[in-house]
Amino acid sequence: MNQCQEPGEDLEEVTGLVCQEDDLRDGQMKEVSVGDQKVLLVRTRGQYSAVGSQCSHYSAPLVKGALVGDKVRCPFHGACFNVKTGDIEEYPGLDCLPSYKVKVQDGKVYVSINKKSLKVTKRVKEMCSMVPDIKHTVLLVGGGPASLVCAETLRQNCYQGRIIILTKDSLPPFDKPKLSKAMNVDSSSILLRSSDFLQQYGIEVLTQKEVVSVNPPEKAVKMSDGTLQHYDQLLISTGCRARPLNYPGKDLMGVKLLQSYEDAKEIHSSCLGHKAVIIGASFIGMEVASYLSDKASSVAVVGTARYPYERTLGPQIGKMTMQMLEEHNVKFYMNDGVTEIRGENGKVKEVVLKSGISLEADVVIAGIGVIPNSDFLAGSEVEVDSRKAVIVDKFMRTNIPDVFSAGDVASFPLTIRGDQRVNIAHWQMSHAHGRVAALNMLNKPTKMDSVPFFWTVLLGKSIRYTGYGEGYTEIIFKGKVEERKFLAFYVKDEVVVAAASLMFDPAVTHLAELMATGQRITKAQAQADDLSWLQV
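Keep in mind it's a predicted model, so treat the numbers as computed, not measured.

Q: Hey, could you go over the confidence of the model for the chain for me, with residue numbers and the actual values?
A: Taken residue by residue, the chain gives an average pLDDT of 96. The fraction at 70 or more is 98%. Note that pLDDT drops below 50 for residues 1-8; the model gives that stretch 26 contacts with residues more than four away or on any other chain.

Shown next as structure tokens:
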């Protein structure tokens, strides 16, 4: 559409005629241009609104996402934005979208953008900073997204006390899912916020600080260096650690766990041109195998089930992912296990399997699950479950006053499963937990109602997943798994409890939004040929 300076000339703005008023019906959206800026134009309930066109997480085009009511969900990873305000309402990602002025006049729709913000694609929500005279401290233990979102939510809601994040990592909060997908990244490219940003809003981040005990009566935590830090309110968001191997030879040089930025860099460099064996066909194990497939001289994956992800995604999808990696020279040893890792001169030489097969190895990487980081809570009376996950209610409160927990370390009631207590290690969930914890710290009662959303990337292809499929009894497929273009519905008690897809956007995103609004998706709906209700 043509650019113009109608209506009401304003030299500080660029105004574009973007469409005719009847071009869009309610519930429709399109990408338009104003100046050089791409804009998402949306019509809901007879009114037009305009926001930034790219998701603030990884810049996905939102026009390819799902529009439900006043919300648009990203097709890639499920972040959700209000189309009126641009505010982020579901994660992942930290920033909001810019919103633009819309005017409808004489049957024409105009969008105006301030010239200063023509190149701006994301917007930081307004935040306050610390006031030194306020003697109140919120202490956030753990350097993941739960802590960071908690800190930012506090500042967005006018909390002006002291905020301290303690992390045992060498980096301030960073984009951890990238570690298994792009292992050789520069640390500055994966930081979630710059040090200048954190300083501007009075968010103190202390790196390489490990908390070893918590004393709730004294409202203090003790660190491994012996120092104490007092708090008024505490968030436990220490995440999980990789489960270590338990075989003879586990301490040989060349046996690796992927936990930190340094681990990822080390695995990358030590595997170049060398033989890698990955123990565990987990999501992490498979992503590492995918990454190393064109870098290591050979890659072998050892798994205990018939196929990767067999329990979570089902045998059909597991078999397909195995074939994808086999085409890139990854060898699988499934229905098998490890008896020992043998070495020479203190360094890994081979991995011996239960079947008797010996695999030559220069590097061994473990991907056999995770353990919640809650050992430091021993003696604190903070309740943990049988897996050592910290038990919280829907407000992210533990059993101890002023002690909250969030992220991968927390076990919480999941709304879409009738408040069944779950421990879900999803990046998106950790963000949501952090926000809910912050609001409840501020006595703004807010329940944790987010729908789980997860993705994994193999050889550049993303499998997306939403819901909670544990205990499913049937899978209904649309498309064909063997053609690597499909949608899978996971059914339990005649209801869809989860869905996964590959090359079938925005189906999973749309389903996530339907679940979030409380809609019950029946098995009959999933079986029907007509999928127009999913915007596909």
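Q: If you had to explain the pattern of salt bridges to someone new, which residues and values would you point to?
A: Throughout the structure, instances matching the rule amount to 29 salt bridges. Here Asp-87 and Arg-123 are joined by a salt bridge, their closest N and O atoms 2.8 Å apart. With Asp-87 in the loop between β8 (80-82) and β9 (88-90) and Arg-123 in the loop between β11 (108-114) and β12 (137-141), this residue pair connects regions lying 36 residues apart in the sequence. Judged by its relative accessible area of 25%, Arg-123 is partly exposed. Several salt bridges share partner residues, and in doing so they unite Asp-95, Glu-152 and Arg-193 into one network.

Q: Break down the pairing of strand β10 (residues 99-105) for me, with residues and values.
A: The sheet contact formed by strand β5 (residues 47-52) and β10 spans 2 bridges and is antiparallel. Looking at the pairing, Val-51 lines up with Ser-99 of β10. The sheet contact formed by β10 and β11 spans 5 bridges and is antiparallel. Looking across to β11, one finds that Gln-105 is bridged to Lys-108.

Q: Could you give me a rundown of unusual backbone geometry, with the residues and numbers involved?
A: Note that the residue after Tyr-91, namely Pro-92, is joined by a cis bond; omega there is 20°. With respect to the secondary-structure elements, Pro-92 resides in the loop between β9 and β10. Cis geometry marks the peptide bond from Asp-505 to Pro-506, where omega comes out at 0°. Not every positive phi belongs to a glycine, and Arg-45 is a case in point at roughly 45°. Along the chain, the position of Arg-45 falls in the loop between β4 (37-44) and β5.

Q: Kindly report on the packing of helix α4 (residues 283-292) against helix α5 (residues 315-326), identifying the contributing residues and their values.
A: Their axes nearest at 10 Å, the elements α4 and α5 cross at an angle of 25°. Classified by the interaxial angle, the pair formed by α4 and α5 is roughly parallel. In this structure, α4 crosses over α5, and the sense of that crossing is left-handed. Contacts between α4 and α5 involve Met-286, Ala-289 and Ser-290 from the former and Thr-321, Met-322 and Leu-325 from the latter.

Q: Please give an account of helix α1 (residues 145-156) that cites residues and values.
A: Here α1 spans 16 Å end to end across 12 residues, near enough to the 16 Å set by a 1.5 Å rise per residue. When you tally the buried positions in α1, you get 11 out of 12 residues, the bulk of the element. Restricting attention to buried positions, one finds in α1 the residues Pro-145, Ala-146, Ser-147, Leu-148, Val-149, Cys-150, Ala-151, Glu-152, Thr-153, Leu-154 and Arg-155. Elements that come into contact with the buried residues of α1 comprise β12, β13 (162-166), α2 (195-200), β14 (203-206), β18 (233-236) and α6 (427-441).

Q: I'd love a proper account of the sheet that holds strand β25 (residues 347-353), names of residues and values included.
A: Strand order across the open sheet formed by 3 strands is β24-β25-β26, with antiparallel pairing between neighbours. Taken across any chain shown, the strands that pair with only one partner, and hence form the sheet edges, are β24 (338-344) and β26 (358-360). Strand-to-strand twist across the sheet, computed as the mean angle between neighbouring axes with direction ignored, equals 30°. The pairing of β25 with β26 spans 3 bridges and is antiparallel. If you follow Val-352 over to β26, its bridge partner there is Ser-358.

Q: So what about the sheet that holds strand β29 (residues 390-391)? Which residues, and what values?
A: Spatially, the 3 strands line up as an open sheet ordered β29-β31-β32, and their pairing is mixed. Sheet topology places β29 and β32 (420-422) at the edges, where each strand pairs with a single neighbour. For β29 and strand β31 (residues 410-414), the ladder comprises 2 bridges, and the chain directions are parallel. Directly across from Ile-391, in β31, lies its bridge partner Ser-411.

Q: Provide a residue-level description of helix α3 (residues 261-271), including the pertinent values.
A: Within α3 the residues assigned to the buried category are Tyr-261, Ala-264, Ile-267, His-268 and Cys-271. Looking straight down α3, one finds that the buried residues subtend no more than 130° of arc, so they occupy a single side. On its buried face, α3 sits against β20 (255-257), β21 (275-279), α4 and β27 (363-366). Note on α3: the residue one or two positions beyond its end, Gly-273, has a positive phi of about 70°.

Q: Please give an account of the packing of aromatic side chains that cites residues and values.
A: Summed over the entire model, instances satisfying the criterion amount to 6 aromatic pairs. Ring geometry for Phe-283 versus Tyr-309: centroids 4.4 Å apart, planes at 15°, classification stacked. Remark: Tyr-309 occurs in the loop between β22 (298-302) and α5 and Phe-283 occurs in helix α4; sequence separation between them is 26 residues. What makes Tyr-309 buried here is its relative accessible area of 5%. Judged by centre distance (4.8 Å) and plane angle (70°), the rings of Phe-283 and Phe-454 are edge-to-face. Here Phe-283, found in helix α4, pairs with Phe-454, found in strand β33 (residues 453-458); they are 171 residues apart in sequence, far enough to count as distant. Here Phe-283 falls in the partly exposed class, since its relative accessible area comes to 23%. Against the face of Phe-197 rests Arg-193, its NZ or CZ located 4.1 Å from the ring centre. One residue, Lys-295, lies across the ring of Tyr-291, its end atom 4.0 Å from the ring centre.

Parameters and conventions
Residues numbered from 1 in each chain as written. Predicted model: local features only at pLDDT ≥ 70, side-chain atom pairs only at ≥ 80, totals over all residues. Heavy atoms only, no water. pLDDT = per-residue confidence, 0-100. Contact = heavy atoms within 4.5 Å. Salt bridge = Lys/Arg side-chain N within 4 Å of Asp/Glu carboxyl O. Helix = DSSP H or I, 4+ residues; strand = E, 2+ residues; numbered from the N terminus. Buried < 20%, exposed > 50% of the residue type's maximum accessible area, 1.4 Å probe, protein only. Pairing = 2+ DSSP bridges. Axes fitted to C-alpha atoms, helices over the stretch in contact; angles between N-to-C directions. Parallel < 35°, antiparallel > 145°, perpendicular 65-115°, else oblique. Left-handed = near helix turned anticlockwise from the far one by under 90°. Expected span 1.5 Å × (residues − 1). Arc of directions from axis to C-beta. Phe/Tyr/Trp six-rings, centres within 6.5 Å; stacked < 30°, edge-to-face > 60°. Lys NZ or Arg CZ within 6 Å of the ring centre and 35° of its normal.

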